[in-house]
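# Summary of structural features
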Amino acid sequence: MRRTIQKYPPFHADHVGSLLRPACLKRARSAFVAGKLTRSQLTQLEDDEIRRVVEQQKACGIHVITDGVLRRTGGHYDFFAHLDGIAGPVEAQDYCKTQQEMAACHLHIVGPVAFNPEHPFLAHYRFLHQAVGDDPQAVAKQTLPSPCMLMYRSLRRNSVYQALDAYCDDLAQVYVQALHAFYAQGCRYLQLDDTFWSLFGDVAAIRAELDDGTDPYQLIEHCVSLLNRIMQDKPKDMYISLHVCSGELDTKILHRNPFADVIAKALGRLNVNSLFLEYADAHFSGLETLRAIGAQTVVLGVITSETGELEDARSIKRRINDASLYLPLNQLALSPMCGFASAESAEWLTEEQQWNKLRHIVDLAHEIWVMSE
């Protein structure tokens, strides 16, 4: 028997969103690039695979359903490149000194940034919403890159905006319009994915900012202000989460670096509904930083998405118990540390292991929160 749930997040079992790309979809995308498959043929295959992973997620018992970001090819580029005023890809610039800055350089600002009301992601969400259907056990979640992903130096240093405040004003307006556009399609749960915060754990990136005359503390304040301005104007019954991700950077932005306390306090001031934070052993590990969190639900990424082996249930329960020393148990939730396919070529585990991980999270959440009530 399936467990009855509330229809609205937060849920104690969640996941970041991306799923492993099926081999047939990888082959089809390569064929499309080579001109051997039409756009409509590729879209039909994407539709079929998304319907399949929707049903697989339901079968795992997870109530948060995504399209696995199966339609995307370039991570955050896919969303940003369809906004007005942004173009890409371009060659990386000389002043990109870190791996994450190099990634951002694939985009550039060519005019005033504005939301495109015909953005293809709206149709993508509409398909997901229809695929999930009226199932009372399931909620369709849309994932988007955070506006802070457009705050890298390579994008802030543009010829269109002479002042950072004006740039942030337009970014805030883009996202307010985006949230309302997705809301009109039926979206009530939207997640912002953000690797920009990990910049403050990258010594090379901080040094580059300082050399460029940027005050990192002021940059943090701009990010907090930008996100909170968007939250102020979001639809009242739309649930927004922020996934604070390390991306490809093996760093500990919330632990053992000069900005740890500053970042933790900044995240605590964000008016998002929940924060996805990585606490797997190989990544962010300082649970004491939870002291700075405010009213947000914290989704603890204590399940690794990089190996197929299932974590020991007792160890995870101890981790959640430790976190409950800093935040009430009911303010916590459980998820993988990141998506299962943060890159197109990710081959960390098999699809069967991916579904087993989701089932494991659902079972653990039931034992920790439901059976403890």
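Further up the page is the structure itself.
So, a few notes on the structure that sits alongside this text. Note that the structure is a prediction, hence the values are computed from the model and not measured.

Right, let's get into empty space enclosed by the protein. Considering all chains together, one arrives at 1 cavity of 30 Å³ or more under this definition. In this structure, the largest cavity occupies an estimated 60 Å³ of space. As for the largest cavity, its lining consists of Asp-67, Val-69, Leu-70, Arg-71, Arg-72, Phe-121, His-124, Tyr-125 and Gln-142. With 3 residues, the single largest contributor to the lining of the largest cavity is helix 5 (residues 120-132).

Turning our attention to the sheet that holds strand 1 (residues 64-65). Read from one edge of the open sheet, 7 strands run 1-4-5-6-7-8-9, paired in parallel fashion. Since the sheet does not close on itself, it has two edges, and those belong to strand 1 and strand 9 (332-336), each with one partner. One ladder, built from 4 bridges, connects strand 6 (residues 239-244) with strand 7 (residues 274-278); its direction is parallel. Counterpart to Leu-242 in the pairing with strand 7 is Leu-275.

Every regular strand shows the same layout, with side chains that alternate between the two sheet faces. The element strand 8 (residues 297-303) is extensively covered by neighbouring structure, given that 7 of its 7 residues are classed as buried. Where strand 7 meets strand 8, 5 bridges bridge the pair, whose relative direction is parallel. Bridging across to strand 8, Leu-275 finds its partner in Val-298. Judged from the 5 bridges that link them, strand 8 and strand 9 form a sheet pairing that is parallel. Among the inter-strand pairings, Gly-301 is bridged to a residue of strand 9, identified as Ser-335. Each parallel crossover has a hand, and the one from strand 8 via helix 11 (residues 313-323) to strand 9 is right-handed.

Our next topic: the packing of aromatic side chains. Counted under the stated rule, the structure contains 9 aromatic pairs. Ring geometry for Phe-196 and Phe-200: centres 5.8 Å apart, planes at 90 degrees, overall edge-to-face. The pair formed by Phe-196 and Phe-200 is uniform in burial state, with each residue classed as buried. Chaining the aromatic ring pairs together yields one cluster made of Phe-79, Phe-80, Phe-121 and Tyr-175. Against the face of Phe-127 rests Arg-71, its NZ or CZ located 5.0 Å from the ring centre. The aromatic ring of Tyr-183 is capped on one face by Arg-188, whose charged end is 3.5 Å from the ring centroid.

Moving on, we get to the nonpolar core. For soluble globular proteins, nonpolar side chains are generally found buried alongside one another. The biggest cluster of nonpolar side chains holds 101 residues, and the ones touching the most others in it are Phe-196, Trp-197, Phe-200, Leu-242, Leu-290 and Leu-300. Considering each element in turn, this core owes the most residues, 10 residues, to helix 7 (residues 164-184). Leu-290 has contacts with Leu-277, Tyr-279, Val-298, Leu-300, Ala-323, Tyr-326 and Leu-327, leaving out every residue within four places of it along the chain.

Once that is clear, we can look at the packing of helix 2 (residues 39-60) against helix 5. Helix-helix packing is characterised by the crossing angle of the two axes and by the distance between the axes. Direction vectors running N to C along helix 2 and helix 5 enclose 45 degrees, while the axes themselves pass 10 Å from each other. Considered as vectors, helix 2 and helix 5 are oriented oblique to each other. Helix 2 and helix 5 meet at a crossing whose hand is right-handed. The segment helix 2 lies against helix 5, with Asp-47, Ile-50, Arg-51, Val-54, Glu-55 and Lys-58 engaging Phe-127, Leu-128, Ala-131 and Val-132. Along the lines of polarity and charge, the residues of the contact of helix 2 with helix 5 split into 6 nonpolar, no polar and 4 charged.

The next point concerns unusual backbone geometry. Phi is positive for Val-69, close to 45 degrees, though the residue is something other than glycine. Tracing the backbone shows Val-69 in the loop between strand 1 and helix 3 (77-80). Residue Val-69 is classed as buried on the basis of its relative accessible area of 10%.

Scanning all chains against the criterion turns up 18 salt bridges. Between Arg-52 and Glu-351 there is a salt bridge, with the nearest N and O atoms lying 2.6 Å from each other. Of this pair, Arg-52 sits in helix 2 while Glu-351 sits in helix 12 (residues 351-370); the two residues are 299 residues apart in sequence, bridging distant segments of the chain. Glu-367 is the salt-bridge partner of Lys-317, the closest N and O atoms lying 2.5 Å from each other. Separated by 50 residues along the polypeptide, Lys-317 in helix 11 and Glu-367 in helix 12 bring together distant segments of the chain. Here Lys-317 falls in the partly exposed class, since its relative accessible area comes to 34%. The exposure class assigned to Glu-367 is partly exposed, which follows from its relative accessible area of 34%. One continuous salt-bridge network, built from bridges that share partners, spans Arg-29, Arg-39, Glu-46, Asp-47 and Arg-71.

The rules behind each value
Residues numbered from 1 in each chain as written. Predicted model: local features only at pLDDT ≥ 70, side-chain atom pairs only at ≥ 80, totals over all residues. Heavy atoms only, no water. 1 Å grid on protein atoms, 1.4 Å probe; cavity = no way out; pocket = protein on both sides within 12 Å on 5 of 7 lines; lining within 4 Å. Points joined across faces, edges and corners; volume = space filled by probe spheres on them. Helix = DSSP H or I, 4+ residues; strand = E, 2+ residues; numbered from the N terminus. Pairing = 2+ DSSP bridges. Buried < 20%, exposed > 50% of the residue type's maximum accessible area, 1.4 Å probe, protein only. Right-handed = clockwise from strand over helix to strand, strands pointing away. Phe/Tyr/Trp six-rings, centres within 6.5 Å; stacked < 30°, edge-to-face > 60°. Lys NZ or Arg CZ within 6 Å of the ring centre and 35° of its normal. Core = buried A, V, L, I, M, F, W, Y, C linked by side-chain atoms within 4.5 Å. Contact = heavy atoms within 4.5 Å. Axes fitted to C-alpha atoms, helices over the stretch in contact; angles between N-to-C directions. Parallel < 35°, antiparallel > 145°, perpendicular 65-115°, else oblique. Left-handed = near helix turned anticlockwise from the far one by under 90°. Nonpolar A, V, L, I, M, F, W, Y, C, P; charged D, E, K, R; others polar. Salt bridge = Lys/Arg side-chain N within 4 Å of Asp/Glu carboxyl O.

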